[in-house]
Structures are given as structure tokens and as C-alpha cells.
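Tertiary structure, described
Okay, here's what each chain looks like letter by letter:
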Amino acid sequence: MKLSVALISLLVFAVIALLLRKAPEAHPAVQPGLLAQLNAALNAASALCMTVGFLHIKKGDEQGHKRWMIAAFSFSCLFLVGYVLHHLQVGSVPFSGHGWLRTLYFALLIPHVVLAAVALPLVLLTLLRGLAGKRRLHHRVASYTLPIWFYVSVSGVIVYFMLYHL
């Protein structure tokens, strides 16, 4: 299971890296397109589903937990596709803010990017262990995965608003 998670993660990282190398230079005044808005909504939906899924498992409702966490995973997968498509269209959009706002933006963005890379294999491993019924192993990794994945989803929404609406 760990090998398949590692291979899938490396494959996803490689595809993203190859696709984003072909991305155009972004214009600093680019407006958020539909994909950027959709990506923010998908991140928010994923965070909401994670929250509801967490509440279900705290109540002992494993089936509800499973449904909501699969929904969170699905929204995150859709986000990843939208993220790549968006960057292929507009490239990397530079932040135009200054001073403390710029510091705050990068204080959110840098851990967001690093933890997004960490989250991918953790989410896959957690999901596969849960679906395989390996509850103890699932819970052990889920206790790390959930806060990282949640931060990535929520900070993604905040980064979107800072990038396009400040």
C-alpha cells in the first residue's frame, strides 16, 4: 500500500511539474477567471466536507464519516485538475500587495505549498487504509492528515482572496 501511494504521489507530482513548466507568464493585473473562482469553491467545499466528516466520526457514525471524507477527497481531486488547468491558462499570478500584507501572504502561501505536497501522499494513505478497514492504522495517520489537509484547503481559499481581491 505504501509503495502504491508513493508511486501515485510521484506520478502526480511529475505530471504537475511537467504541465506547469509549459505555463505562460502571468500578467500582474490578471483577473480571476472562472477556474480560479471554482478552485477556491472546491477548496472550501473540501474543507467543509472534512469538518462534517470529522463530526460524524466523533459521533461514531463510520458510514457518514466515510461518505463525507470521500466527498472531501473528490473535491480535492477536482481542485487539483482545476489548479493545473488554471495555471496552464494564466501561469503563476504574482501577488501585488505590499508591506505587512505581502509578508502575511507569503507566510500563508509557503506552508500552503509545502503542506500541499505533504498532504497528497498522506491523504491517499489515509483514504486507502480507511477503505481497507484498517481502523487503527487509518486513525494513526488520519490524526496527522486531517489538520494538514484542512490547512491546505482553507489557506488555499485565503490565498485566492488575497491574490485576487486585495
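Refer to the structure above for everything that follows.
Rules used in this analysis
- Residues numbered from 1 in each chain as written.
- Predicted model: local features only at pLDDT ≥ 70, side-chain atom pairs only at ≥ 80, totals over all residues.
- Heavy atoms only, no water.
- Core = buried A, V, L, I, M, F, W, Y, C linked by side-chain atoms within 4.5 Å.
- Buried < 20%, exposed > 50% of the residue type's maximum accessible area, 1.4 Å probe, protein only.
- Helix = DSSP H or I, 4+ residues; strand = E, 2+ residues; numbered from the N terminus.
- Contact = heavy atoms within 4.5 Å.
- Patch = residues over 30% accessible without salt bridge, like charges linked within 9 Å, V, L, I, M, F, W, Y side chains within 5 Å.
- Areas by Shrake-Rupley, 256 points an atom, 1.4 Å probe, with all protein chains shown as cover.
- Salt bridge = Lys/Arg side-chain N within 4 Å of Asp/Glu carboxyl O.
- Phe/Tyr/Trp six-rings, centres within 6.5 Å; stacked < 30°, edge-to-face > 60°.

Counting 14 residues, the largest nonpolar core has Met-50, Ala-72 and Trp-149 as its most contacted members. Those elements that provide at least two residues to this core are helix 2 (34-58), helix 3 (62-90), helix 4 (99-131) and helix 5 (135-165). Broken down by element, the residue count for this core peaks at six residues, all from helix 4. In this structure, Met-50 is in contact with Met-69, Ala-72, Leu-146, Trp-149, Phe-150 and Ser-153, ignoring residues within four places of it in sequence. Counting 13 residues, the second-largest nonpolar core is a separate cluster that includes Ala-36, Tyr-160, Met-162 and Leu-163.

Moving on: a nonpolar patch on the surface. Nonpolar side chains collect at one region of the surface, where Phe-106, Ile-110, Val-114 and Val-118 lie side by side and expose about 320 Å² of accessible area between them. Note that Val-118 resides in helix 4. Residue class for Val-118 comes out partly exposed when judged on its relative accessible area of 35%.

Here we take up the environment of Leu-10. Inspection of the secondary structure assignment puts Leu-10 in helix 1 (residues 2-21). In this structure Leu-10 comes out as exposed when scored by relative accessible area, which is 55%. Remark: the alpha-carbon pair of Leu-10 and Leu-120, spanning 110 residues in sequence, is separated by 9.7 Å.

What follows covers the packing of aromatic side chains. Any aromatic ring pair is given by two values, namely how distant the centres are and how the planes are angled relative to each other. Going through the model one piece at a time under the given rule, you end up with five aromatic pairs. Ring geometry for Phe-79 and Tyr-83: centres 5.7 Å apart, planes at 35°, overall tilted. Of this pair, Phe-79 and Tyr-83 are both found in helix 3, four residues apart, which corresponds to roughly one turn of the helix. Residue classification places Tyr-83 among the partly exposed positions, given a relative accessible area of 30%. Ring plane angle 5° and centroid distance 4.1 Å describe the contact between Phe-95 and Tyr-105, whose orientation is recorded as stacked. Taken together, the residues span a long stretch of sequence, with Phe-95 in the loop between helix 3 and helix 4 and Tyr-105 in helix 4 at a distance of 10 residues. For the pair Phe-95 and Tyr-105, one class covers both residues: buried.

A few words now on the pattern of salt bridges. For the coordinates displayed, the defined rule picks out one salt bridge. A salt bridge links Arg-135 to Glu-62; the nearest nitrogen and oxygen atoms lie 2.8 Å apart. Of the two residues, Arg-135 is situated in helix 5 and Glu-62 in helix 3; the sequence distance between them amounts to 73 residues. Accessibility expressed as a relative area gives 54% for Arg-135, which makes it exposed. Given the relative accessible area of 38%, Glu-62 is considered partly exposed.

It is worth spelling out the environment of Ile-16 at this point. Relative to the helices and strands, Ile-16 resides in helix 1. Its relative accessible area of 17% is what places Ile-16 among the buried residues. The spatial distance from the C-alpha of Ile-16 to the C-alpha of His-87 is 10.0 Å, given a sequence separation of 71 residues. Those residues in contact with Ile-16 that lie beyond four places of it in its chain are Leu-80 and Val-84.

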